[in-house]
Amino acid sequence: MSTPTALILFAHGARDSRWAEPLERLAQVLRERSPGMVVELAFLELMAPALGETLDKLVAGQHRVMRVLPVFWSAGGHVVRDLPLLLEQARVRHPGLEIQVLPVLSDLPGVLETIAEAALGQAGNQAGLHSDQ
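Let me sum up the structure you'll find in this document. The structure presented is a predicted model; accordingly, all values stated were derived computationally and were not measured. Every chain begins its residue count from 1, and numbering advances along the sequence as written. Only residues with pLDDT of at least 70 are given local features in this predicted model, and only at 80 or more are side-chain atom pairs given and counted; all residues enter the totals for whole chains, interfaces and linings. Note that water and hydrogens are dropped before the side-chain values are worked out from all heavy atoms of the structure.

Some details on the pairing of strand E1 (residues 6-11)
Here is step 1 of the chain: The cut-offs for exposure are 20% and 50% of the maximum accessible area for each residue type, with area from a 1.4 Å probe on protein chains only; residues under the lower value are buried, those over the upper are exposed, and the others partly exposed. For helices the rule is a DSSP run of H or I covering at least 4 residues; for strands it is a run of E covering at least 2, with both sets numbered from the N terminus onward. Within E1, 6 of the 6 residues are buried, which leaves it mostly tucked inside the rest of the structure.
Here is step 2 of the chain: Burial along E1 is two-sided: Ala-6, Ile-8 and Phe-10 facing one way and Leu-7, Leu-9 and Ala-11 facing the other are all buried.
Here is step 3 of the chain: Sheet topology note: the E1/strand E2 (residues 38-43) ladder contains 6 bridges and is parallel. Residue pairing for E2: Leu-9 is matched across the bridge by Leu-41.
Here is step 4 of the chain: Handedness of the β-α-β unit built from E1, helix H1 (residues 21-33) and E2 comes out right-handed.
Here is step 5 of the chain: By this definition, two strands are paired if DSSP reports at least two bridges between them. As defined by bridge partners, E1 adjoins strand E3 (residues 65-70) across 5 bridges and the pair is classed as parallel. Counted as the bridge partner of Leu-7 is Arg-67 from E3. When the strands point away from the viewer, a crossover counts as right-handed if the path from the first strand over the helix to the second runs clockwise.

Here we look at the environment of Pro-103
Here is step 1 of the chain: Along the chain, the position of Pro-103 falls in the loop between strand E4 (98-101) and helix H4 (111-123).
Here is step 2 of the chain: Taking the C-alpha atoms as reference points, Pro-103 and Leu-55, 48 residues apart in sequence, are found 19 Å from one another.
Here is step 3 of the chain: Should any heavy atoms of two residues lie within 4.5 Å, those residues are considered in contact. Beyond its immediate stretch of four places on either side in the chain, Pro-103 contacts Leu-69, Pro-70 and Leu-108.

Section: the packing of aromatic side chains
The relation between two aromatic rings is expressed through the spacing of the ring centres and the mutual angle of the planes.
Here is step 1 of the chain: Pairing of aromatic rings covers Phe, Tyr and Trp, the last counted by its six-membered ring, and requires centre-to-centre distances within 6.5 Å; plane angles under 30 degrees mean stacked, over 60 mean edge-to-face, and any other angle means tilted. Tallied over the entire structure, the rule returns 2 aromatic pairs.
Here is step 2 of the chain: Between Phe-10 and Phe-72, the aromatic rings sit 5.8 Å apart at their centres with planes inclined by 45°, giving tilted as the arrangement. Pair noted here: Phe-10 is in strand E1 and Phe-72 is in the loop between E3 and helix H3 (77-93), with a separation of 62 residues, a long-range link.
Here is step 3 of the chain: On the basis of relative accessibility, which here comes to 0%, the residue Phe-10 falls in the buried class.

Details of the pattern of salt bridges
Any two side chains of opposite charge can pair, given that their charged atoms come close.
Here is step 1 of the chain: Any carboxyl oxygen of Asp or Glu within 4 Å of a side-chain nitrogen of Lys or Arg constitutes a salt bridge here. This model, assessed by the stated rule, comprises 4 salt bridges.
Here is step 2 of the chain: Residue Lys-57 is joined to Glu-40 by a salt bridge in which the shortest nitrogen-to-oxygen separation is 3.3 Å. Here the residue Lys-57 occupies a position in helix H2 (residues 51-60), and Glu-40 occupies one in strand E2, the gap between them amounting to 17 residues.
Here is step 3 of the chain: As a salt-bridge pair, Arg-93 and Asp-56 come within 2.9 Å of each other at their nearest N and O atoms. One end of the pair, Arg-93, is in helix H3; the other, Asp-56, is in helix H2, with 37 residues separating them in the sequence.

Fair warning: the whole summary comes from geometry, so function is off the table for now.
So, in structure tokens, the structure goes:
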């Protein structure tokens, strides 16, 4: 019997633990919407667990197929340079591991449109107040 695919939400990390609260809420929403999927958090720095620790934990739980969602707005240095290096280190430790990196947040289908709609909805009440007409 195979284990389900694991989804890792990979984020930068911060000194203030409150910074991770939206990530924890996102992980909970994902678990509720897909009860069979294992969803874990991992951080680049400043917070635990580190990505390598999360990958090792999942492998110990017999997961061999993983998806990594970089919870970064765009594909800067951490996503382009740091993430591939961390994943290569995990592949060396765990040969045969299948890891797919998903798009960054701004590249996920519908995200820009959803944010634009929400922003316009929030700004809509004041749109006519600052007109130059």
